[in-house]
Amino acid sequence: MTPALLWWMKLAVFWEKHCTVRRKFIYTGGIIPVVAQQLHRENIERVVQEALCASGVSVAELAAVATTVKPGLALSLGVGLQYSLSLVNRHQKPFIPIHHMEAHALTIRLTHHLEFPFLVLLISGGHCLLAVAQGVSDFLLLGQSIDIAPGDMLDKVARRLSLRKHPECLSMAGGKAIEHLAQTGNQELLTFRLPMQQYRNCDFSFSGLQNLVHNAIVQKEKEEGIQEGEILSCVKDVAAAVQHAVTVHIIQRTYRAMLFCIKNGILPSKNATLVVSGGVASNQYIRKGLQNLADANDFALLCPPPRLCTDNGVMIAWNGIERLRAGLGVLHSTAGIRYEPRAPLGTDISKRVEEDSIKVPKLKTIRWLAS
């Protein structure tokens, strides 16, 4: 264990949070904030003590405590922050507040030797954004979802398709079920109009696409003479078409971000790096499409291992280590510390991207994605 931080403590706390909330997810179809809050309260003390005991490190030996304070579910953030501040004040330790998105972006520097700057695509159930990491706490925001995140959309589509009833998907979360069924589906049997084609920026939108998918499902149910809640015979084709549309939308916006960064000298014209993180980054179809895009534009593609793509304590601890080493945001007083359910990442330069109005070359219908 690195004594600089509550490494294993945060890992254990976040792992326990992930597992308990995920069990509820399987039965309820989503995270219920008040249930998550109660589960956190019931487990945090026990898990922290078990983690400290297993690591053989006492709180007195820690150099600092790092905790997520933004953005996220308010009730969950509140439990973690309250417990951490109590620990910090009781043992007189420095406190390092962590931005959840910054932690996702920097995880790659734990697993790979990567220097700044690099392009970051964060895609998850709650977030979707493109940014340039110029330093530990220095980010340029190029674009973000104007409505929902891709993981959220895929989960909702999975619920509408009643994939929990599908014999191949009984124990799978929504996005994973879509990915699994899409492997043997025909993406060309359904086509969906891609979002925001008229806007030459790096923002994303998934709610309109979700509505198009919903309407297509309703039409298919009518054609097959089944009710909502029953499984369509073409469910695998729907899953493949949905996954493909989400992938192409993500690729197109990322392509524009690459071109913008090279044009404006924000990234080197050769051997630049694209980092993809967040839960949706574990989708192999999306990752393969991004790999092809990176290869075609002389970018290296780096992704944290799947276990570090979803929300986890390691990324929070690593972000704390990065900040501690750089002397950034290490607080010796916790007065006025608050959690923030909504919080932007870095400096927003999305208007500059839109003003450049970069046209993305056609991607040859992206047939190579499935090759």
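Residues numbered from 1 in each chain as written. Predicted model: local features only at pLDDT ≥ 70, side-chain atom pairs only at ≥ 80, totals over all residues. Heavy atoms only, no water.

**Digging into the pairing of strand β6 (residues 272-277)**
Move 1: With respect to burial, β6 is a largely interior element, six of its six residues being buried.
Move 2: Side chains A272, L274 and V276 project from β6 onto one buried face, and the interleaved T273, V275 and S277 project onto a second face that is buried too.
Move 3: Sheet analysis places strand β3 (residues 118-123) next to β6, joined by four bridges and oriented parallel. Directly across from L121, in β6, lies its bridge partner V276.
Move 4: When β6 meets strand β7 (residues 299-302), the two strands line up parallel, connected through four bridges. Looking across to β7, one finds that T273 is bridged to A300.
Move 5: Taken together, β6, helix α10 (residues 284-296) and β7 constitute a β-α-β crossover, and its handedness is right-handed. (Buried < 20%, exposed > 50% of the residue type's maximum accessible area, 1.4 Å probe, protein only. Helix = DSSP H or I, 4+ residues; strand = E, 2+ residues; numbered from the N terminus. Pairing = 2+ DSSP bridges. Right-handed = clockwise from strand over helix to strand, strands pointing away.)

**Side note on helix α12 (residues 313-326)**
Move 1: Counted at 1.5 Å a residue, the expected span for α12 with its 14 residues is 20 Å, and the 20 Å between its end C-alpha atoms agrees.
Move 2: Of all 14 residues in α12, 11 are buried, a share of seventy percent or more.
Move 3: Every buried residue belonging to α12 is among G313, V314, M315, I316, A317, W318, N319, G320, I321, E322 and R323, and all of these are buried.
Move 4: The backbone nitrogen of V314 lies 3.1 Å from a side-chain oxygen of the residue at the head of α12, namely N312.
Move 5: Once α12 finishes, G327 follows within two positions and takes phi at roughly 70°, a positive value. (Expected span 1.5 Å × (residues − 1). Polar contact = N/O pair within 3.5 Å; in protein donor to acceptor, adjacent residues only side chain to side chain.)

**Topic: unusual backbone geometry**
Move 1: With an omega of 0°, the peptide bond running from F116 to P117 counts as cis.
Move 2: Checked against the element boundaries, P117 lands in the loop between α5 (108-111) and β3.
Move 3: Here the phi dihedral of Q92 falls at roughly 55°; this positive angle occurs in a residue that is not glycine.
Move 4: Tracing the backbone shows Q92 in the loop between α3 (74-91) and β2 (95-99).
Move 5: In this model, S162 sits at a positive phi of 55°, which is unusual for a non-glycine residue.
Move 6: Take S162: it is sitting in the loop between α6 (150-160) and α7 (174-182).

**Observations concerning the pattern of salt bridges**
Move 1: In the structure shown here, the tally under the stated rule is 11 salt bridges.
Move 2: The closest approach of N and O atoms between K176 and E179, which form a salt bridge, is 3.7 Å. Here K176 and its partner E179 are both found in helix α7, three residues apart, which amounts to about one turn of the helix. (Salt bridge = Lys/Arg side-chain N within 4 Å of Asp/Glu carboxyl O.)

**Comments concerning helix α8 (residues 207-224)**
Move 1: Between its terminal C-alpha atoms α8 stretches 26 Å, which fits the 26 Å expected from 18 residues at 1.5 Å a residue.
Move 2: Taken as a whole, α8 has its buried residues at L209, V213, A216, I217 and E221. The buried residues of α8 occupy an angular sector of 140° when projected down its axis, which confines them to one face.
Move 3: Looking at the packing, one finds that the buried side of α8 touches α6 and α9 (235-263). (Arc of directions from axis to C-beta. Contact = heavy atoms within 4.5 Å.)

**Considering the sheet that holds β7**
Strands belonging to one sheet form pairs held by backbone hydrogen bonds; the direction of such a pair is parallel or antiparallel.
Move 1: Pairing is mixed across the open sheet formed by six strands, whose spatial order is β7-β6-β3-β4-β5-β8. Of all strands in the sheet, those with a lone pairing partner are β7 and β8 (347-348), marking the two edges.
Move 2: Strands β3, β6 and β7 of the sheet are contacted by α10, whose axis makes an angle of about 160° with β7. (Axes fitted to C-alpha atoms, helices over the stretch in contact; angles between N-to-C directions.)

**Quick look at the side chain of D203**
Move 1: Looking at the element boundaries, D203 is found in the loop between α7 and α8.
Move 2: The buried charged residue D203 lacks any salt bridge partner; its closest oppositely charged side chain belongs to R253, at an N-O distance of 6.5 Å.
Move 3: Within polar-contact distance, the side chain of D203 engages the backbone nitrogen of Q144 at 3.0 Å.
Move 4: Excluding residues that lie within four positions of it along the chain, D203 makes contacts with G143, Q144, I146, M196, H249 and R253. (Lys, Arg positive; Asp, Glu negative; His and termini not counted.)

**Digging into the side chain of N312**
Move 1: Of note, N312 is situated in the loop between α11 (306-309) and α12.
Move 2: For N312, a relative accessible area of 6% corresponds to the buried category.
Move 3: There is a polar contact of 3.2 Å between the side chain of N312 and the backbone oxygen of L308.
Move 4: For N312, the side chain forms a polar contact with the main-chain oxygen of T310, separated by 2.6 Å.

**Section: the nonpolar core**
Move 1: Counting residues in hydrophobic clusters, the biggest one holds 67 residues, and the most contacted among them are L119 and L142.
Move 2: At 15 residues, the largest contribution of residues to this core is made by α9.
Move 3: When neighbours within four sequence positions are excluded, L142 is seen to be in contact with L119, L130, A131, V132, C202, A257, F260, C261, I349, S350 and V353.
Move 4: Counting residues in each nonpolar core, the second largest holds 19 residues, with I108, V120, L141 and L302 among its members. (Core = buried A, V, L, I, M, F, W, Y, C linked by side-chain atoms within 4.5 Å.)

**Details of the confidence of the model for the protein**
Low pLDDT means the predicted atomic positions in that stretch should not be read closely.
Move 1: For the protein, the mean per-residue pLDDT works out to 89, and 90% of the residues sit at or above 70.
Move 2: Scored below 50 in pLDDT, residues 1-27 makes 76 contacts in the model with residues more than four places away or belonging to other chains.
Move 3: Here residues 365-371 scores under 50 on pLDDT; set against residues more than four positions off or in separate chains, the count is 16 contacts. (pLDDT = per-residue confidence, 0-100.)

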